[in-house]
Each structure stands twice: as structure tokens, then as C-alpha cells.
Number of protein chains: 2
Amino acid sequence: MLFIVGLGLGDEKDVTIKGREAIDSCSKIFLEAYTSILGVGKERLVSDTTDITSEFIIKEAFYGKEIVVADRELVESGCEAILAPAKEERVAFLVVGDPFGATTHMDLYLRAKERGIEVQVVHNASIMNAIGRCGLQLYNFGPAVSIVFFEDNWRPDSFYDKIALNKKNGQHTLCLLDIKVKEVSLANMMKGKMIYEAPRFMSVNRCIEQLLEVEEKRKEGVYGQDTPCIGLARLGHEDQKIVSGTMSELLNVDFGTPLHSFIIPGEMHFIEKDCFDHFRENKQTSS
Amino acid sequence: MLFIVGLGLGDEKDVTIKGREAIDSCSKIFLEAYTSILGVGKERLVSDTTDITSEFIIKEAFYGKEIVVADRELVESGCEAILAPAKEERVAFLVVGDPFGATTHMDLYLRAKERGIEVQVVHNASIMNAIGRCGLQLYNFGPAVSIVFFEDNWRPDSFYDKIALNKKNGQHTLCLLDIKVKEVSLANMMKGKMIYEAPRFMSVNRCIEQLLEVEEKRKEGVYGQDTPCIGLARLGHEDQKIVSGTMSELLNVDFGTPLHSFIIPGEMHFIEKDCFDHFRENKQTSS
């Protein structure tokens, strides 16, 4: 029996009662830890050198059971460690947000079903629906785009065309910002050293810088310094921050610790405009 | 103090621990009851004559407190009944799904803020993110469309252009199906009789009939009998049902009790195709 349980966006109390009961009933618990991070006290995340695994101590204390952190290697290399015990025992696979939110875990689901393992899914909030919190209507969003960290020789800008298409159609665009966890630098990889870099989470400011760089290069006028936009940080957490303004205004707003998200609105209806103004006027107490 | 709490999609155990604690701390509880319905035993919903309010008895038993059902009139007429006590007491406003899911409650939020009332939002799963359960990637969806019950003289088909645009862009379309709760017929309204009709929930079958009727009229070849599609019923409930197939195949599938949703996929990537096939082959045990 395999439970795939969404943990929601905030802290350990954002699991549902159903999810909590499922976890309590399991003998093995895995936590997916490469598509998102758990919401924890910011002091645990501000430093670049934070060990990403330290945060799980809280969870273990909360659930009273050992939790195995399932990194990308474990999940993408066939999930044997998860599926083998699930044949006989009750196993929980925990996912921050919703199980099928930003990144799919359908592969794990299909593999389990193929082996005749019963699967139960416990849904929860994810960034994909919680962004409604900023007042933009979910059904006015076009497809979301991913903004990855630009490197010296790798500055992919396919998001530009997608934002352009959404804008043309009057649709809002959610930008999902890059998360780099357990990455190995090219230099270390070439030396055969599997040394993980410090985790990195893209800020709203960095996102805007990259967006403007691409506009500067492509010059198709999809957006610019004066384009209205919304920055969101730690959505669903007690200290969440939502600020609207122009790109150049938000470039200098300190959104604090991760995770951040970014929205470029399309056409806004009146209640959406009211909300946009609300988050602009209340910059200091914007949640 | 106003808590706006998402209840999630399934039953009373789909509230989060944070949400449950908020509810427990409140002296007044309102339940929004016109944009969705609570998941309850199907025997309570199969009949056309079911009293929509009867289901709330379970909730009251679960929460151990009286719950006031907030219908459209109450919410849209200024929310005085909710906001006045929230100035002094802890008040909870419960919403099925996520608070800012399919329909906005941002208006209530803004009114509360205007009056200086502190507001806390507790997020949860909603149809807008839980549809990832069918294996289609959320970031490949274009804007969702609403399909309303066709009446004799009112057969709005603006969804057709929206589906066409999504298809053209290779994007999936989620169709949100009509819910009619506490509606008064035109005949009764003209007689000045505020008699509520029995609640109605659009089925996948009815949705497909209406879609095909509009294609028949518009003849732009946006979709047809052979178009792949996915029907979903009671998503997030224990007896949920997901079936993929062509429109004509799904026209005759019995999806059972509400709520239903419907998806017209755009371009499908390989894992999305695998999932589509999975739900086609496993028609009888499709959850």
C-alpha cells in the first residue's frame, strides 16, 4: 500500500487530517525533497550554506517517525526503495504542496499500479492554486513558465515566447522560480567528485533581472521596467509577502527567505485590479 | 479576526490541521455553499430532491459547533453577518476546496481588511490543482472554461472559442461544470415566489452533449466525437472516478454522483499519454 501525501505549502500543520492519519498508519516514510522545500523557520534557510536536510528534524519530531529523504536520484532511478516495501507494508511518500503539482509524481504512481500496489493520494494546496491569494483569477492564467538560473553559457529564454503568447491572449503568467538542491558543479563532476553545492532558490529580484535581460536582447516589447507584476514569497506561511508594482519597483523590494514566485498579469478585471492596488498600497503589511 | 479556511475536496478529514485548529478556536462558523458542494456519502446526493443543507449535519457533528450556511445572498449582499462579529470575535468562513479556487472570495477578504479586521487564510486542494491527478501537467493547461446548463433560450457558447484557442496553442482545457444551488425559476420569480429549485450538478455526459451541439452549430472542427478527453468525478473522494476515451465513448460512461469535471487535452507528452492510456485501460478500477 502506497500513500502519496501532499503536505501543503506552509509548515507541518498544513497536512490534512486524512494525510496525517495515513502517515501515522505507515511503517516507512519517504519525503520528496528536490522539487520544493518545506516551510520552516527562516533562520534555517537564510544562509547559503544551510544543510537542506536539517529542516527535516522538525518533521520527524512532529510525525514521531524516521523519515527518509528521497532525493532526485532515488526517485528517478526506479523508486525501488519505495516500491519494494510497499508490496507488503504501508508506505508513505510525502510531497511538499500537492502530489501532482508543479512536477509530476505520476511516474511513481504508474509504476506502483503496474506492480499491483494499491495507491491512495491525499491532495493539498500547491503553488498552482494558492496563487489565487493575490487576487488574480485562476481561470485567467495561461500556462505557467519556469525561470531557471542563468549560467555563463546557458541562458535559456524560451519563457519569453510563452509569456508573449499569454500576454497576447490577455492571460496571466505564473513564473515558477528555480530551485537548485543537491546539484553538483560541472567542475566537480569532471573531477568525479560528487560534492553537492549549497542549495539555491531564485529570488523575485533575480527573476526580474533575468526577464529584463532577455527583453533587452529580444526587444519584442513583451514587458519592461514599467510592466505591472506581482512578487510572492513564502505563500501559505505565516510571514508570507505579496507585493505588486512595476518591474523596476519590485526589483528593489526585499522579499526575504524562499520560496519566491512571480506573476505577470494579463488583462485585469476590476476586482483583480482592486487586489493589485491592495497589495501595492499595503507594501509594509502586505499579507 | 476572520479565518478563511479551505476544506479541500473530499470529506471532513480533508481539512488541514491548521484549518481544524482555526475552526476550533472560533465562536462563529460560516460555510460557503453556492460555488461547490461538500463531499458526502453519495446516498445523500443522488436524488434530485435532496435538500442541499442536509449534508452539513455531518460537518456539525465533526466540528462540534453550529455552522451557518452562507448562501449567495448572504455573501454577495455585503457580508455584514460575517464581518460585524469578526470585529470582536474569532469567525471562520469555510470554503470547499481552496478559498480562492474556482470563484473568488477576495471581495470578502478586501472588505474585511478595509474594516481593519485581521484575516488569516488557510489553503487547501481545489479542483484547479487536483486535476493533476489525471496525469496531465498543470503547467500545460490554458485557461479553464465554464460550461453552464443550456436552457431553452439561453445556450451560451463562448467556451467554444476558448477551447479553440487552447487547442491551437497545444494547451489542455479544464471544463468546470455548472452547479445550480438555490436557484429560483423564472416562472416562480415572476410570481414573486422565492421557491428554490432542486440542486442540479452537470454530468460529464451532459457536458459532452452540449459541447457536441455547439460543434455541430459552429462547425469549426475544434473537437468532435473522436476527440480524446477525460472525465473526472468526485475528485479527491474515496470513490473518485477518472476515465479517458473519445467523446463518444465517454458519452455513455456512468460517472455517478457529483461533482464532475471534464478535460480536453491539447498536445500530450509521453508521460501524459501513458496516463491517458492508464485511465482508459482501467475503466473499471480507474481511480
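Residues numbered from 1 in each chain as written. Chains lettered and ligands numbered in written order. Predicted model: local features only at pLDDT ≥ 70, side-chain atom pairs only at ≥ 80, totals over all residues. Heavy atoms only, no water.

## Examining the nonpolar core
- The biggest cluster of nonpolar side chains holds 88 residues, and the ones touching the most others in it are Leu2, Phe93 and Ile263 of chain A together with Leu2, Phe93 and Ile263 of chain B.
- Setting aside residues no more than four positions away along its own chain, Leu2 of chain B makes contact with Ile82, Leu83, Ala86, Val91, Phe93, Leu108, Ala112, Ile117, Glu118, Val119 and Gln120 of chain B.
- Leu94 of chain A together with Phe3, Ile23 and Val122 of chain B belong to the second-largest nonpolar core, a separate cluster that totals 30 residues. (Core = buried A, V, L, I, M, F, W, Y, C linked by side-chain atoms within 4.5 Å. Buried < 20%, exposed > 50% of the residue type's maximum accessible area, 1.4 Å probe, protein only. Contact = heavy atoms within 4.5 Å.)

## What to know about empty space enclosed by the protein
- Scanning the model with the defined rule gives seven cavities of 30 Å³ or more in all.
- Considering only enclosed or pocket space, the largest cavity measures out at about 240 Å³ in volume.
- Residue composition of the lining of the largest cavity, grouped by class: 15 nonpolar, two polar and no charged. (1 Å grid on protein atoms, 1.4 Å probe; cavity = no way out; pocket = protein on both sides within 12 Å on 5 of 7 lines; lining within 4 Å. Points joined across faces, edges and corners; volume = space filled by probe spheres on them. Nonpolar A, V, L, I, M, F, W, Y, C, P; charged D, E, K, R; others polar.)

## What to know about the sheet that holds strand β10 (residues 228-233) of chain B
Residue and element names in this part refer to chain B.
- Taking strand neighbours across the sheet as the criterion, the five strands line up as β6-β7-β12-β10-β11 in an open arrangement whose pairing is mixed. A single partner strand is all that each edge strand has here, and the edge strands are β6 (145-147) and β11 (241-246). Neighbour-to-neighbour, the strand axes of the sheet open up by a mean angle of 25°, direction not taken into account.
- Here β10 runs beside strand β12 (residues 260-264); their pairing, made up of four bridges, is antiparallel. What sits directly across from Ile230, in β12, is Ile263.
- Across the sheet, helix α7 (residues 158-168) is in contact with β6, β7 (173-177) and β12; its angle to β6 comes to roughly 140°.
- Relative to the sheet, helix α9 (residues 204-218) contacts β6, β7, β10 and β12, its axis offset from that of β12 by approximately 40°. (Pairing = 2+ DSSP bridges. Helix = DSSP H or I, 4+ residues; strand = E, 2+ residues; numbered from the N terminus. Axes fitted to C-alpha atoms, helices over the stretch in contact; angles between N-to-C directions.)

## Regarding the relation of the copies chain A and chain B
- Expressed as a screw operation, the relation of chain A to chain B combines 0.0 Å of axial shift with a rotation of 180°, fitting to an RMSD of 0.0 Å. Both copies are brought into coincidence by an operation consistent with a two-fold rotation axis.
- When the interface residues of chain A are mapped onto chain B, 100% of them are again interface residues, pointing to one common binding face. (Least-squares fit on C-alpha atoms with pLDDT ≥ 70 in both.)

## Digging into the pattern of salt bridges
- The full count for this structure, using the stated rule, is 34 salt bridges over all chains.
- The salt bridge partner of Lys13 of chain A is Glu21 of chain B, with a shortest N-O separation of 3.1 Å. In this pair, Lys13 of chain A is assigned in the loop between β1 (2-6) and α1 (17-24) and Glu21 of chain B in helix α1 (residues 17-24), connecting two distinct chains.
- The class of Lys13 of chain A is partly exposed, set by a relative accessible area of 32%.
- Residue classification places Glu21 of chain B among the partly exposed positions, given a relative accessible area of 38%.
- Of the charged contacts, one joins Asp239 of chain B and Arg234 of chain B as a salt bridge, the two residues approaching to 3.0 Å between their closest N and O atoms.
- Taking relative accessible area as the criterion, Asp239 of chain B reaches 33% and is therefore assigned partly exposed.
- Under the relative-accessibility criterion, Arg234 of chain B is labelled buried at 8%.
- Here the salt bridges share partners, and the residues they tie into one network are Asp157, Asp161, Lys217, Arg218 and Glu220 of chain A. (Salt bridge = Lys/Arg side-chain N within 4 Å of Asp/Glu carboxyl O.)

## Focus on the UniProt feature "binding site: S-adenosyl-L-methionine" (unreviewed entry) in chain A
Residue and element names in this part refer to chain A.
- Residues given the UniProt feature "binding site: S-adenosyl-L-methionine" (unreviewed entry) here are Leu9, Asp98, Gly101, Ser126, Ile127, Leu177, Leu235 and His260.
- Position of Ile127 relative to the elements: it lies in helix α6 (residues 127-130).
- For Ile127, a relative accessible area of 16% gives the class buried.
- In contact with Ile127, other than residues within four places in its own chain, are Leu9, Leu176, Leu235 and Ser261. (UniProt positions renumbered as here; feature names shortened; annotations may be inferred.)

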